[in-house]
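Tertiary structure, described
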Amino acid sequence: MNFIEEIVEKDLQERKNNGRIQTRFPPEPNGYLHIGHVKAICMDFGIAEKYNGVCNLRFDDTNPVKEDVEYVDSITQDIAWLGFKWGKIYYASDYFEQLYNLAIRFIKEGKAYVDEQTAEQIAAQKGTPTEAGQNSPYRDRSIEENLRLFEAMQAGEIPDGKMVLRAKIDMANPNMHFRDPIMYRIITTHPHHRTGRRWNVYPMYDFAHGQSDYFEGVTHSICTLEFVVHRPLYDYFIDQFAGDNFAGLSPYGPDYRPHQYEFNRLNITYTVMSKRKMLQLVQEGLVAGWDDPRMPTVCGLRRRGYTAGAIRSFIDKIGYTKVEGMIDLGLLEHTIREELKEQAPRVCAIFDPVKLVITNYPENGGEIITAENIDGKPELGTREMPFGRELWIERGDFLEEADKNFYRLSPMGREVRLKSAYIIQATGCDKDADGNVTTVYATYDPDSKSGTEGGNRKTKATINWVESGSAIDAEVRLYDRLFAVENPSADERDFRELLNPDSLKVTTAKVESALAGVEKQDHFQFLKQGYFVVDDDSKPEHLIFNRTASLKDNWLK
RNA sequence: UGCUUAGUGGUGUAAUGGUAGCACUACAGAUUCUGGUUCUGUCUGUCUGGGUUCGAGUCCUGGCUAAGCAACCA
């Protein structure tokens with residue numbers, strides 16, 4: 001149980017809010033969801049699910065300059081793909097009318113004023129974390145003038161940037177957010193994706209979020225640590241209005257009060273978790289798009305071959321605390337391997353092929369071998385592998401002069417098993433002028449077929465193969481970590497200089513004919529290579545596989 | 001020099017005054033028709049000084065360190 005769940009259970013015990021549990025996931029529709037958001041999603045939806053409550057989706061769409069419907073659609077799709085069910089879909093823009101009225105009321109109570117200074121002047125006056133700020137010269141306008149100007153702002157009579165509405169709190173407050181925070185600014189240059197040109201003023205996050213929670217009846221407003229310093233302001237605005245129940249706007253009675261709680265956000269090594277940086281990577285063509293398999297976005301992870309179950313399991317493993325840390329990318333990879341090893345059919349794919357000729361196999365012979373998709377799991381089915389005199393094997397599986405650490409195919413070596421087929425012994429090879437092996441020769445034991453009595457003989461090594469006449473050429477995209485350094489965000493260099501130049505290698509492999517009919521999102525283990533998924537752009541005549549994760553390999557040492 | 005938050009093995013996370021545990025990583029061995037998997041084992045930890053207590057990772061107190069906060073972003 002994490003510390004948020006402890007808070008919830010305590011609240012439940014004390015019958016706070018009559019035992020009602022309501023959370024919300026509040027994305028801003030200005031980018032695609034990434035795995036950091038998934039951590040928040042698992043929290044928000046998880047709490048609601050576990051404690052018999054509801055989690056609503058609320059788009060925090062208070063800034064039309066950055067937001068777009070494109071993102072609303074992708075966000076809902078991603079959440080659905082992850083397997084979460086929201087109660088209702090709300091938008092902060094649903095409350096623009098109420099929020100505007102609250103602002104008017106605030107002005108009438110002498111708690112807000114219209115400031116005509118430039119953004120630079122306001123910033124300069126704000127002071128620093130260690131020095132108090134100065135009052136604005138416009139701070140003590142009359143209520144009537146404030147009212148008139150704010151209405152003029154909304155009427156479209158004031159150009160963008162010329163005026164803002166500020167709360168009159170305390171320019172000397174040690175919490176910078178209390179130094180007369182801006183409540184409303186003018187935006188006329190961009191129509192809002194839902195309200196169009198209806199509004200010329202838009203509320204800031206601090207004036208919108210808590211009130212939106214209140215309108216909806218949210219009990220636990222859970223967010224990440226950077227909002228800790230905003231919490232006093234969240235409480236402040238609600239306190240100002242909750243006295244008379246927001247003039248009757250809450251259906252939950254006078255004792256109801258939403259509370260904000262914060263947990264540590266997710267950081268993962270060798271990646272970035274900033275929407276701004278991701279947008280830059282996309283816009284500058286440094287990746288193929290938001291769903292590039294190297295991206296930490298939900299759609300990128302999906303295209304990489306991560307399953308919703310594995311992603312949720314990963315979030316479950318890392319937990320929730322208030323300690324800011326950095327998760328090993330290795331843990332994420334471990335989680336997808338853990339899932340795929342149970343369900344991904346094994347197939348042979350030869351990445352660096354060299355011809356193997358079995359000299360004592362009949363010249364025009366051939367046969368079909370039936371192999372289990374996963375050894376020892378007959379319930380997952382079988383596949384057919386054509387076998388013949390000429391095969392493709394991995395170049396690295398043959399060494400003309402082997403040392404004792406190499407126990408695969410070699411004329412000097414021992415017998416070797418062809419996976420699911422026969423036991424062979426290398427006899428020699430052909431080489432080109434440069435000394436590269438062009439063909440390997442071997443003899444086989446016809447009585448050693450897998451599954452027969454003669455096949456029970458032990459071999460030290462088993463190698464992969466694909467029959468040359470039936471092999472299919474497939475494009476394989478070998479993905480690796482996006483960045484070359486562990487923590488790109490902490491590096492003084494521009495993050496774009498830190499990209500891993502080997503994050504994608506495209507190559508061709510000879511794959512089994514059984515893969516002819518694969519469909520998008522099918523998962524496989526290419527034996528000894530790694531886990532691969534069929535790419536969204538794959539076609540029957542041009543198969544494309546993305547490497548989800550490599551297999552662990554202890555041999556290189 | 002302010003406010004806020006936080007310090008448990010390499011990483012993440014438990015222990016709610018009573019044997020510092022789990023997962024990942026690393027290493028070693030066994031098993032294996034994947035140099036994968038599986039199994040077994042090993043290494044490594046309570047930021048620090050003082051105090052309370054029979055007993056402190058936990059409570060009190062001083063210090064140290066780190067992160068966040070000065071968008072008309074969320």
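Reading the values: rules and limits
- Residues numbered from 1 in each chain as written.
- Chains lettered and ligands numbered in written order.
- Predicted model: local features only at pLDDT ≥ 70, side-chain atom pairs only at ≥ 80, totals over all residues.
- Heavy atoms only, no water.
- Phe/Tyr/Trp six-rings, centres within 6.5 Å; stacked < 30°, edge-to-face > 60°.
- Helix = DSSP H or I, 4+ residues; strand = E, 2+ residues; numbered from the N terminus.
- Buried < 20%, exposed > 50% of the residue type's maximum accessible area, 1.4 Å probe, protein only.
- Lys NZ or Arg CZ within 6 Å of the ring centre and 35° of its normal.
- Salt bridge = Lys/Arg side-chain N within 4 Å of Asp/Glu carboxyl O.
- Expected span 1.5 Å × (residues − 1).
- 1 Å grid on protein atoms, 1.4 Å probe; cavity = no way out; pocket = protein on both sides within 12 Å on 5 of 7 lines; lining within 4 Å.
- Points joined across faces, edges and corners; volume = space filled by probe spheres on them.
- Nonpolar A, V, L, I, M, F, W, Y, C, P; charged D, E, K, R; others polar.
- Near = heavy atom within 4 Å.
- Polar contact = N/O pair within 3.5 Å; in protein donor to acceptor, adjacent residues only side chain to side chain.
- Axes fitted to C-alpha atoms, helices over the stretch in contact; angles between N-to-C directions.
- Parallel < 35°, antiparallel > 145°, perpendicular 65-115°, else oblique.
- Left-handed = near helix turned anticlockwise from the far one by under 90°.
- Contact = heavy atoms within 4.5 Å.

Time to look at the packing of aromatic side chains. Throughout the structure, instances matching the rule amount to 33 aromatic pairs. Relative to Trp290, the ring of Tyr32 lies with its centre 5.0 Å away and its plane at 20°, an arrangement referred to as stacked. Of the two residues, Tyr32 sits in the loop between β1 (22–25) and α2 (35–50) while Trp290 sits in the loop between α10 (275–283) and α11 (298–304), which places them 258 residues apart along the sequence. Across this residue pair, the class does not change: Tyr32 and Trp290 are buried. Three or more aromatic residues joined by ring pairs make a cluster, and in this case those are Phe96, Tyr100, Phe106, Phe150, Phe178, Tyr184, Trp199, Tyr202, Phe207, Tyr236, Phe237 and Phe241. Lys355 extends its terminal NZ or CZ atom over the ring of Trp392, reaching a point 5.0 Å from the ring centre. When the ring centre of Tyr270 is taken as origin, the NZ or CZ atom of Arg481, which lies over that ring, is 3.8 Å away.

Here we come to the pattern of salt bridges. Pairing between side chains of opposite charge can happen when the charged atoms of each approach one another. Taken as a whole and assessed by the stated rule, the structure comprises 42 salt bridges. Between Glu5 and Lys50 there is a salt bridge, and its shortest N-O distance comes to 3.4 Å. Here Glu5 is found in helix α1 (residues 3–13), whereas its partner Lys50 is found in helix α2, with 45 residues between them in sequence. Judged by relative accessible area, which is 14%, Glu5 ranks as buried. On the basis of relative accessible area, Lys50 is assigned to the partly exposed category, the value being 46%. For Arg105, the salt bridge is made with Glu109, and the minimal N-O distance between the two is 3.1 Å. Exposure remark for Glu109: the relative accessible area of 38% places this residue in the partly exposed category. It is possible to trace a salt-bridge network through shared partners that takes in Asp291, Arg303, Glu475, Arg477, Asp535 and Asp537.

Take α2 next. Since there are 3.6 residues in each turn of an α-helix, residues three or four apart along the chain are aligned in direction. Between its terminal C-alpha atoms α2 stretches 21 Å, which fits the 22 Å expected from 16 residues at 1.5 Å a residue. With 13 of 16 residues buried, α2 lies mostly within the body of the structure.

With that settled, consider the layout of surface pockets. Considering only enclosed or pocket space, the largest pocket measures out at about 1,300 Å³ in volume. Lining the largest pocket are 50 residues; nearest its centre among them are Glu28, His37, Glu226, Phe227 and Lys275. Secondary structure elements with two or more residues in the lining of the largest pocket: β1, α2, α3 (69–82), α7 (205–216), β8 (220–224) and α10. The leading source of residues in the lining of the largest pocket is α2, at 5 residues. Each residue belonging to the lining of the largest pocket can be placed in one class, and the counts come to 22 nonpolar, 16 polar and 12 charged. Estimates place the volume of the second largest pocket at around 770 Å³.

Around RNA strand B, the structure places 65 residues, and the nearest of them are Glu6, Arg346, Ser450, Gln525 and Lys528. Within the contact set of RNA strand B, a sugar or linking oxygen lies 2.9 Å away from a backbone nitrogen or oxygen of Ile318. At 3.0 Å, a side-chain N or O of Asp553 approaches a sugar or linking oxygen of RNA strand B. Elements that contribute at least two residues to the surface near RNA strand B include exactly α5 (119–125), β6 (182–186) and α13 (329–343). In terms of residue count, α13 provides more of the surface near RNA strand B than any other element does, 3 residues in total. Across the surface near RNA strand B, the residue classes tally to 24 nonpolar, 21 polar and 20 charged.

All right, on to the packing of helix α4 (residues 96–108) against α7 then. Taken N-terminus to C-terminus, the directions of α4 and α7 make an angle of 115°; their axes are 11 Å apart at the nearest point. Relative to α7, α4 is oriented roughly perpendicular. For the pair α4 and α7, the crossing hand works out as right-handed. Residues Gln98, Leu99, Leu102 and Ala103 of α4 form the contact with α7, whose participating residues are Phe207, Ala208, Gln211 and Phe215. Classifying every residue of the contact of α4 with α7 by side-chain character gives 6 nonpolar, 2 polar and no charged.

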